[in-house]
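A look at the structure
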Amino acid sequence: MSLMIFRRAYVTASTAKTANSEQTVRLKAADIAKKLRSEKQNPTVIQKEVPVSPLQTRVKELKQFTRQLQSVHPSVFAKALYRSILYQDKNILVVNKPYGVPVHSVDGIRNSIAECLPLLAKITDDMQAGSYFHICHNLEKDSTGVLILAKTKEAAEHVHTLIRSHQIQRKYLVITVGMPVPSEGVIDIPIIEKEVMGPQPHFKMGLSPLFRVCEGGDGVTRVRAHRQAESAVTQYRVLDSTNGCSLVELQPVTGVKHQLRVHMALALACPILGDHKYANWNKLAPQKLPESALRRLDLVQSKTRYLPLHLHSRRIVLPGVKGHHEITVSCPLPKYFTNALKKLQIPLPGKECD
């Protein structure tokens, strides 16, 4: 009998002990949760933000603006393009092409110049119902500046004829890494598409020279032209140079794909700032900059991938035809371009470049 009483007492005590333990655990869990909430509301440790360079901030803003243009409703983009009109008459309309927007449609990008032309025609005053603009030439997606659109098919054909006969004068401004030597000249080297072998096989436009250096370095000899190579001629002139970079004026005589980028990077060994495709021939990698340029741009080498392509269509001159006066249209430099010039301590181009 006494043994049974002892067992009931033991069980009761054990049960009470277990209940107390569970209550203690629950109290501890509640206390921990309360403490965490308190720390979250009143943090005692301030986390240091990762420093961001001014260049990264500017490039982030540029990318955000570019993404907006690429993704907004086409009618909104058409209005933005309308506000960028530089010149127009009864035959042509000239706009300032923004950075990052392709002229022709590209997979993955909602807006392009070509896609918005019908909408642009609707909001342009002297365009007839049902008519649309015609693209007269091309600019690369990451280039900026003067772009000619024709209001009629006849006007477009006329501009195409002027381009093919080299009667239209086009001037570009670029920032190059390095100083071209000589400081002024003409590059006349055909261009051809080539496959680059290696860990990341890819295609690039490359040089297809008509001459090669003789063995021993004594003179040059002419070689047979590749039948797939296209004639490419570029006039260039260095306007200023400092901190390992130069401001260069380019006048393409021909219009081969990537002509200016290839001639600067491969013919003169001075790639355009932000040209990550042609700065390295054998691999796909961010452009490497000299230490002087990195310091001036507030940049470290591992962040050069943020640099946009500094290639701007500055001015275009159409000759007078049938009694009409010559048409000259100039386009201001984009903000990221002028900021780079100021950082590099290169003077902004004067009126002689307009």
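No experiment lies behind these values; they were computed from the predicted model shown.

Notes on the nonpolar core
- Judged by nonpolar contacts, the single largest core of 32 residues is most densely connected at Ile 113, Phe 133, Leu 149 and Leu 250.
- The element best represented in this core is helix α4 (residues 113–122), accounting for five residues.
- Inspection of this core shows a minimum of three residues originating in each of domain 1 (54–165) and domain 2 (167–212 + 223–344).
- Here Leu 250 is in contact with Arg 170, Lys 171, Tyr 172, Val 174, Thr 234, Gln 235, Tyr 236, Leu 260 and Met 264, once residues within four sequence places are set aside.
- Core analysis: the second largest hydrophobic core is formed by 18 residues, Leu 289, Leu 299, Leu 307 and Leu 333 among them.

Describing the pairing of strand β13 (residues 311–318)
- For β13, the buried fraction is high: eight of the eight residues fall into the buried class.
- Judged from the two bridges that link them, strand β4 (residues 144–150) and β13 form a sheet pairing that is parallel. Bridge pairing in β13 links Thr 144 to His 312.
- The pairing of strand β5 (residues 169–177) with β13 spans six bridges and is antiparallel. Bridging from a neighbouring strand, Lys 171 pairs with Arg 315 of β13.

Things to note about the environment of Asp 89
- Following the sequence through the fold, Asp 89 ends up in the loop between β1 (85–88) and β2 (92–97).
- Residue Asp 89 is classed as partly exposed on the basis of its relative accessible area of 22%.
- Remark: the alpha-carbon pair of Asp 89 and Lys 151, spanning 62 residues in sequence, is separated by 9.0 Å.
- What Asp 89 contacts, discounting residues up to four positions off in sequence, is Asp 126, Lys 151 and Ile 327.
- Side chain to side chain, Asp 89 and Tyr 87 meet in a polar contact 2.8 Å long.

Looking at α4
- Regarding α4, the residues found buried are Ile 113, Cys 116, Leu 117, Leu 120 and Ala 121. Taken down its axis, α4 places every buried residue within 150° of arc, on the same side.
- Where α4 is buried, its residues contact α3 (74–83), β3 (134–135) and β4.

As for the packing of aromatic side chains
- Taken as a whole and judged by the stated rule, the model has one aromatic pair.
- Between Tyr 99 and Tyr 336 the ring centres are 5.5 Å apart and the planes differ by 65°, which places this aromatic pair in the edge-to-face class. Pair noted here: Tyr 99 is in the loop between β2 and α4 and Tyr 336 is in helix α8 (residues 335–343), with a separation of 237 residues, a long-range link.
- We classify Tyr 99 as buried; its relative accessible area is 16%.
- For Tyr 336, a relative accessible area of 12% puts it in the buried group.
- A cation over an aromatic ring shows up here: Lys 277 above the ring of Tyr 278, its NZ or CZ 6.0 Å from the ring centre.

Some thoughts on the pattern of salt bridges
- Under the criterion given, the structure shown has six salt bridges.
- Here Lys 141 makes a salt bridge to Asp 142, at a shortest N to O gap of 3.1 Å.
- Overall, Lys 141 belongs to the partly exposed group, its relative accessible area being 32%.
- Residue Asp 142 is classed as partly exposed on the basis of its relative accessible area of 25%.
- When salt bridges that share partners are traced, they join Glu 140, Arg 261 and Asp 275 into one network.

Some remarks on the side chain of Lys 97
- Within the element layout of this structure, Lys 97 appears in strand β2.
- At 2.9 Å, the side chain of Lys 97 and the backbone oxygen of Val 101 are in polar contact.
- At 3.3 Å, the side chain of Lys 97 and the backbone oxygen of Glu 140 are in polar contact.

Reading the values: rules and limits
- Residues numbered from 1 in each chain as written.
- Predicted model: local features only at pLDDT ≥ 70, side-chain atom pairs only at ≥ 80, totals over all residues.
- Heavy atoms only, no water.
- Core = buried A, V, L, I, M, F, W, Y, C linked by side-chain atoms within 4.5 Å.
- Buried < 20%, exposed > 50% of the residue type's maximum accessible area, 1.4 Å probe, protein only.
- Helix = DSSP H or I, 4+ residues; strand = E, 2+ residues; numbered from the N terminus.
- Domains from an automatic or database assignment.
- Contact = heavy atoms within 4.5 Å.
- Pairing = 2+ DSSP bridges.
- Polar contact = N/O pair within 3.5 Å; in protein donor to acceptor, adjacent residues only side chain to side chain.
- Arc of directions from axis to C-beta.
- Phe/Tyr/Trp six-rings, centres within 6.5 Å; stacked < 30°, edge-to-face > 60°.
- Lys NZ or Arg CZ within 6 Å of the ring centre and 35° of its normal.
- Salt bridge = Lys/Arg side-chain N within 4 Å of Asp/Glu carboxyl O.

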